Amino acid sequence: MTRFAVIITNYNYARFVIEAVDGVLAQSRRAAQILVVDDGSTDGSQALLTGHYGGHPGVTLLFGENGGQLAAFQRGVAAVEADVDVVCFLDADDRWQPDYLEKIGAIYDQRKDVGFVFSDIDLFGNEEGRIGFARQPLDLGYTAISTYALTYWYGAPTSALSLRLRYARLCMDLPPQISATWRISADNCLVFGASIFGARKYFLPTGQVGYRIHGNNGWWAQQNRTTTFLGLLQSRGLIAHYARAAGMDDSCLELAKLEYRTKPDPDWAEARRYIDVCWRARLPWWKRLERILSIVRSRKRKG
């Protein structure tokens, strides 16, 4: 069976972190390793965690200086044991329901080709609602070329992300000049990196991930034109770095039709994305048109 490591990252969330850790310990399918990474908290989190879990055989506490979310991810991934198959991430202010690992574990157990599973999230606290990539489970196939060309985000917030250890290690291998730009929103490194490095992605709505909205978060409510532009600019730089590491360049756009065929049931929105990518390829116009028509015909047959 798939062996899980869970990385819980905490910075000044003493009022929430115990609930997060206890939710992982209460999973119906146990994690092989639970790593709590405290990123230099100053609110008493470290003493609280030591008091609760200092002698717990199933919980490893990692304390370090404040470096931001990505630095905490990197410390956690570096400490994952080699025999672990999949790494899951959980923010300390969020929580899982008891069957989260059981549900995503069923996909990883049955589908050895799947490298990245992400879930929907249930908002709680100051907001309520459910947010998900789709209404039903969806095999997204491979997403490297679409991500490279369009900066498309095939993922979810941190607490709903999981990926095989080999991809997690690749995603966390970043130079200091790039790492410094991702003190927050480091889930982009997992989402974009996994796509570029060739992880087959799967969306599984579990109803098991609680995303807490409180005074210090609610990322989408804080966006404006400037933050949107800067975020996309930083994302382009991150994707470009991963692409260089993976040996990708613009010639990969010629393979967009083939990547599209790895998706068992793409919707029209996905088809339009790949039509866009095909049109960008450095090919004669009639070859680009041939690829576009192939996608359209394929979508009509499935529709």
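Conventions adopted
- Residues take numbers from 1 onward in each chain, read along the sequence in its written order.
- Given that the model is predicted, a residue must reach a pLDDT of at least 70 before its local features are reported, and side-chain atom pairs must reach 80 or more before they are shown or counted; all residues, however, enter totals for whole chains, interfaces and linings.
- Excluding hydrogens and water, the side-chain figures rest on all heavy atoms present in the structure.
- In short, DSSP must find at least two bridges between two strands for them to pair.
- In this text, helices come from DSSP runs of H or I with a minimum length of four residues, and strands from runs of E with a minimum of two, each type numbered from the N-terminal end.
- Interaxial angles span 0 to 180 degrees and are taken between N-to-C directions of axes, which are lines fitted to C-alpha atoms, for helices over the stretch in contact.
- Crossings are classed by handedness, with left-handed meaning an anticlockwise turn of the near helix from the far one by less than a right angle and right-handed meaning a clockwise turn.
- In this analysis, two residues are considered to be in contact whenever any of their non-hydrogen atoms come within 4.5 Å of each other.
- Amino acid classes used here: Ala, Val, Leu, Ile, Met, Phe, Trp, Tyr, Cys and Pro are nonpolar; Asp, Glu, Lys and Arg are charged; the rest, including Gly, are polar.
- In summary, the pairing rule links any two rings of Phe, Tyr or Trp, Trp by its six-membered ring, whose centres are within 6.5 Å, and it sorts them by plane angle into stacked for under 30 degrees, edge-to-face for over 60 and tilted for everything else.
- Categorising residues by exposure relies on relative accessible area from a 1.4 Å probe, with only protein chains included: less than 20% of the type maximum marks a residue as buried, more than 50% marks it as exposed, and the intermediate range marks it as partly exposed.
- The criterion is that NZ of a Lys, or CZ of an Arg, lies within 6 Å of the ring centre and within 35 degrees of the ring normal, and then a charge sits over that ring.
- Without a salt bridge and with relative accessible area above 30%, a residue can belong to a patch; like charges are then joined within 9 Å and nonpolar side chains (Val, Leu, Ile, Met, Phe, Trp, Tyr) within 5 Å.
- The Shrake-Rupley method, run with a 1.4 Å probe sphere, supplies the accessible areas, and residue values consider only the shown protein chains as cover.
- Think of a salt bridge as a Lys or Arg side-chain nitrogen and an Asp or Glu carboxyl oxygen that are within 4 Å of each other.
- Reported orientations rely on four angle classes, namely roughly parallel under 35 degrees, roughly antiparallel over 145, roughly perpendicular from 65 to 115, and oblique for the rest.

Caption draft 1: Examining the sheet that holds strand β4 (residues 86–91) more closely. Strand order in the open sheet made by the eight strands is β3-β2-β1-β4-β10-β6-β11-β9, with mixed pairing throughout. Here the strands that pair on one side only, and so sit at the sheet edges, are β3 (59–64) and β9 (138–141). The mean inter-strand angle of the sheet, taken between neighbouring strand axes irrespective of direction, is 20°. Where strand β1 (residues 4–10) and β4 come together, six bridges link them in parallel fashion.

Caption draft 2: Spatial organisation of the packing of helix α8 (residues 187–196) against helix α9 (residues 225–246). At a minimum axis distance of 9 Å, the contact between α8 and α9 shows a crossing angle of 35°. Read as a crossing pair, α8 and α9 show a hand that is right-handed. Listed contacts from α9 to Asn188, Cys189, Phe192, Gly193 and Ile196 of α8 are Ser235, Leu238, Ile239, Tyr242, Ala243 and Ala246. Of the residues contributing to the contact of α8 with α9, the split by class is eight nonpolar, three polar and no charged.

Caption draft 3: Structural view of unusual backbone geometry. Backbone geometry places Asn12, a non-glycine residue, at a positive phi of 60°. Within the element layout of this structure, Asn12 appears in the loop between β1 and α1 (14–25). A positive phi angle is found at Ser185, which is not glycine, with a value near 55°. Examined against the element boundaries, Ser185 turns out to sit in the loop between α7 (176–179) and α8.

Caption draft 4: Highlighting the packing of aromatic side chains. Applying the stated criterion to the full structure yields 13 aromatic pairs. A ring pair is formed by Phe73 and Phe89, whose centres lie 4.8 Å apart and whose planes are at 55°; its orientation type is tilted. A residue pair is termed long-range when its members are at least 10 positions apart, and Phe73 in helix α3 (residues 69–78) and Phe89 in strand β4 qualify at 16 residues. The class for Phe73 is buried, based on a relative accessible area of 0%. Accessibility expressed as a relative area gives 0% for Phe89, which makes it buried. Chaining the aromatic ring pairs together yields one cluster made of Phe116, Phe118, Phe133, Tyr152, Tyr154 and Phe203. Across the ring face of Phe124, the terminal group of Arg95 is positioned such that the distance to the ring centre comes to 3.8 Å.

Caption draft 5: A look at the sheet that holds strand β5 (residues 95–96). If you trace the four strands from one edge of the open sheet to the other, you get β5-β12-β7-β8, paired in mixed fashion. Bordering the open sheet on either side are β5 and β8 (129–131), each of which pairs with just one other strand. In terms of strand pairing, strand β7 (residues 121–125) meets strand β12 (residues 209–213) through four bridges, oriented parallel. Pairing of Asp122 across the sheet is with Gly210, part of β12.

Caption draft 6: Structural context of a nonpolar patch on the surface. A contiguous nonpolar surface patch, about 570 Å² in accessible area, is contributed by Trp279, Trp285, Trp286, Leu289 and Leu293. No other element matches helix α12 (residues 285–302), which puts four residues into the nonpolar patch. Assignment of secondary structure puts Trp285 in helix α12.

Caption draft 7: Layout of α3. For α3, the tally of buried residues reaches seven of 10 residues, placing the bulk of the element in the interior. Every buried residue of α3 is accounted for by Gln69, Leu70, Ala71, Ala72, Phe73, Gly76 and Val77.

Caption draft 8: Fine view of the side chain of Ser179. In this fold, Ser179 is placed in helix α7. Classification of Ser179 by relative accessible area gives buried; the value is 17%. Contacts of Ser179, omitting those with residues within four sequence positions, involve Leu70, Gln74 and Leu174.

Caption draft 9: Main features of the packing of α1 against helix α2 (residues 45–53). Running from N to C, α1 and α2 cross one another at 30°; their axes reach a closest spacing of 10 Å. Regarding the angle of α1 to α2, the classification is roughly parallel. Considering the relative orientation of α1 and α2, their crossing is right-handed. Residues Ala14, Val17, Ile18, Val21, Asp22 and Leu25 of α1 form the contact with α2, whose participating residues are Ser45, Leu48, Leu49, His52 and Tyr53. For the contact of α1 with α2, the class distribution of residues is eight nonpolar, two polar and one charged.

Caption draft 10: Region of interest: the environment of Arg130. With respect to the helices and strands, the residue Arg130 is situated in strand β8. Classification of Arg130 as exposed rests on a relative accessible area of 55%. Taking C-alpha positions, Arg130 is 25 Å from Lys263, a pair spaced 133 residues apart along the chain. Among all residues touching Arg130, those that are not within four sequence positions of it are Asp120, Ile121, Asp122 and Gly207.

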